[in-house]
Each structure stands twice: as C-alpha cells, then as structure tokens.
Amino acid sequence: CEVIGHTTTVQDNIASIYITGANHVTVTNNKIHGANEPAGGYGVGMFNVDYGTFANNEIYGTGHGILNKQAGNHHVVYNNYIHDNILDCYHFYTQGSWNTDDYKIYQNICANSQHGVVIDNTISAGLTVTNVKVYNNVFYNSGGNSWAHANNTGEFYNNIEYKAGSLMFATYLD
C-alpha cells in the first residue's frame, strides 16, 4: 500500500498514518511518504498506542519517520527502510503523565536523516522511557543517536553507524 501525506505551513501534528489511543496495532508492507509541516510531520505518528508492530515499511520524505508521542508500550519495529527524512528515523517523545516501556528496534536501515533514534522525555521531567533495545540496525549518514534524560534505560548494541557525523551516541542528563 502506498500512503502519501500532505504538506502544510501550519504546525498541526500531521502524519501520513496517524494512530491514537489504540492497542494491538500492525503497520506492515507500506510505502509511506510526504507528510511535512514546520515541526516536521510524521510518516507514522502514534499517540498513546500499546502493542504496536511496524515492519517491512519504507518511510521517507517526512520530518520524523516514526514518532511515538505521549506514551506507548510494547512496540516492535523491524525490517523497515527509513530514509531521507528532515529530522530522524525514530523519535520517542514522552510527555504529559505517561511513561514508555518495552521497545525493540532491530534490523532497520536508517539513512540520510538528521538523527537515527532519539529518546526524549526532557519536556516532562520525572517520566521514564525504559527497556528500549536498539540492535542490529544500520545507520547511514544519520547524525547519531541520543538518549535525552536521566530516567531513560535501555540497550544500544550491535548496530552499524557509518558517516553518522560527530555525534555517534550520547547520553544527556539534566
């Protein structure tokens, strides 16, 4: 299936695929592109989604390839080709009063984006992003990966990063 987003000059959380308040979601075998707005737009935008599977997709030409915002637990992201996005391939953005737990991100290719995987809960201090495993991925020309806040736990291993810029992997604490 090919899913084409739209472009707007208004910051309004646009996404080619927008999922909110759902459980047991599967997004597979899609070509997803074209969602753009001043804050980036999303290929797949998730808000309060639990038990998600995202596999065998090609996502490009957006701000964030996949964005998890506000919360979400028990996601598996594998065998995706996420490339040529303005900001990042995968972004966790925990806010409000929700924590995020149990993510596996593996066997993906992330290319030509500002960042690979960004885990950020700095907007809501005290929240946690836990048990995140990022492994067996290729990051090409994607600026590095970051965990942003002291309450995040997870593992980042067995990934290939090539031409990732000066920031390969960093942990930011308050």
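A brief look at the structure comes next. (Residues numbered from 1 in each chain as written. Predicted model: local features only at pLDDT ≥ 70, side-chain atom pairs only at ≥ 80, totals over all residues. Heavy atoms only, no water.)

Our next topic: the overall build of the protein chain. Scanning the protein chain from terminus to terminus reveals zero helices and 18 strands. Burial status across the protein chain gives 51% buried among its 174 residues. A sequence separation of at least 24 residues applies to 65% of the contacts in the protein chain between residues at least 6 apart. For the protein chain, the accessible area works out to roughly 7500 Å², and carbon and sulfur atoms hold 50% of it. (Helix = DSSP H or I, 4+ residues; strand = E, 2+ residues; numbered from the N terminus. Buried < 20%, exposed > 50% of the residue type's maximum accessible area, 1.4 Å probe, protein only. Contact = heavy atoms within 4.5 Å. Areas by Shrake-Rupley, 256 points an atom, 1.4 Å probe, with all protein chains shown as cover.)

Quick look at the pairing of strand S12 (residues 115-120) now. Counting buried positions along S12 gives five out of six residues, so the element sits mostly inside the fold. In this structure, strand S9 (residues 88-93) lies alongside S12, joined through five bridges in parallel fashion. Across the sheet, residue Tyr93 finds its bridge partner in S12, namely Asp120. (Pairing = 2+ DSSP bridges.)

In this section: the state of the cysteines. Under the definition given, this model contains one disulfide. A disulfide bridge connects Cys89 with Cys110, and the sulfur atoms are separated by 2.0 Å. Classification of the bridge connecting Cys89 and Cys110 rests on its S-S torsion, roughly 85 degrees, and on that basis the disulfide is right-handed. With Cys89 in strand S9 and Cys110 in strand S11 (residues 109-111), this pair connects stretches of sequence that are 21 residues apart. Cys89 gets classed as buried once you look at its relative accessible area, which sits at 3%. (Disulfide = S-S within 2.5 Å.)

Its location among the elements puts His75 in strand S7 (residues 64-78). Reaching out from His75, the side chain makes a polar contact with the backbone oxygen of Val49 at a distance of 2.7 Å. In terms of polar contacts, His75 uses its side chain to reach the side chain of Tyr103, at 2.9 Å. Contact partners of His75, with chain neighbours within four places excluded, come to Met46, Val49, Asp50, Tyr51, Gly52, Phe54, Asn68, Tyr90, Asp102, Tyr103 and Lys104. (Polar contact = N/O pair within 3.5 Å; in protein donor to acceptor, adjacent residues only side chain to side chain.)

This next bit is on the nonpolar core. One finds Ile19, Val44, Ile66, Tyr90 and Phe92 to be the most contacted residues of the largest nonpolar core, which totals 26 residues. Elements with a minimum of two residues in this core: strand S2 (15-20), strand S3 (23-28), strand S5 (42-55), S7, S9, strand S10 (100-106), S12 and strand S13 (129-135). Here the element with the most residues in this core is S5; it accounts for four residues. Residue contacts for Val44: discarding those within four places in its chain leaves Ile17, Ile19, Ile32, Phe54, Ile59, Gly65, Ile66 and Leu67. (Core = buried A, V, L, I, M, F, W, Y, C linked by side-chain atoms within 4.5 Å.)

Before going further, it helps to spend a moment on the packing of aromatic side chains. Under the criterion given, the structure shown has eight aromatic pairs. Here Tyr135 and Tyr157 contribute two aromatic rings whose centre-to-centre distance is 5.2 Å and whose plane-to-plane angle is 5 degrees, an arrangement assigned as stacked. Of this pair, Tyr135 sits in strand S13 while Tyr157 sits in strand S16 (residues 152-157), and the two are 22 residues apart along the sequence. Cluster of aromatic residues (ring-pair linked, three or more members): Tyr78, Tyr106, Tyr135 and Tyr157. (Phe/Tyr/Trp six-rings, centres within 6.5 Å; stacked < 30°, edge-to-face > 60°.)

The full count for this structure, using the stated rule, is one salt bridge. Between Asp102 and Lys104 there is a salt bridge, with the nearest N and O atoms lying 3.2 Å from each other. The exposure class assigned to Asp102 is buried, which follows from its relative accessible area of 17%. Using a relative accessible area of 30% as the deciding quantity, one classes Lys104 as partly exposed. (Salt bridge = Lys/Arg side-chain N within 4 Å of Asp/Glu carboxyl O.)

What follows concerns the sheet that holds strand S1 (residues 2-4). Each strand in a sheet pairs with its neighbour through backbone hydrogen bonds, running either in the same direction (parallel) or in the opposite one (antiparallel). Taken together, the seven strands give an open sheet; going across it, the order is S1-S4-S6-S8-S11-S14-S17, and neighbouring strands pair in parallel fashion. The open sheet has two edge strands with one neighbour each: S1 and strand S17 (160-162). Along the sheet, successive strands turn relative to each other by an average axial angle of 10 degrees, direction set aside. (Axes fitted to C-alpha atoms, helices over the stretch in contact; angles between N-to-C directions.)

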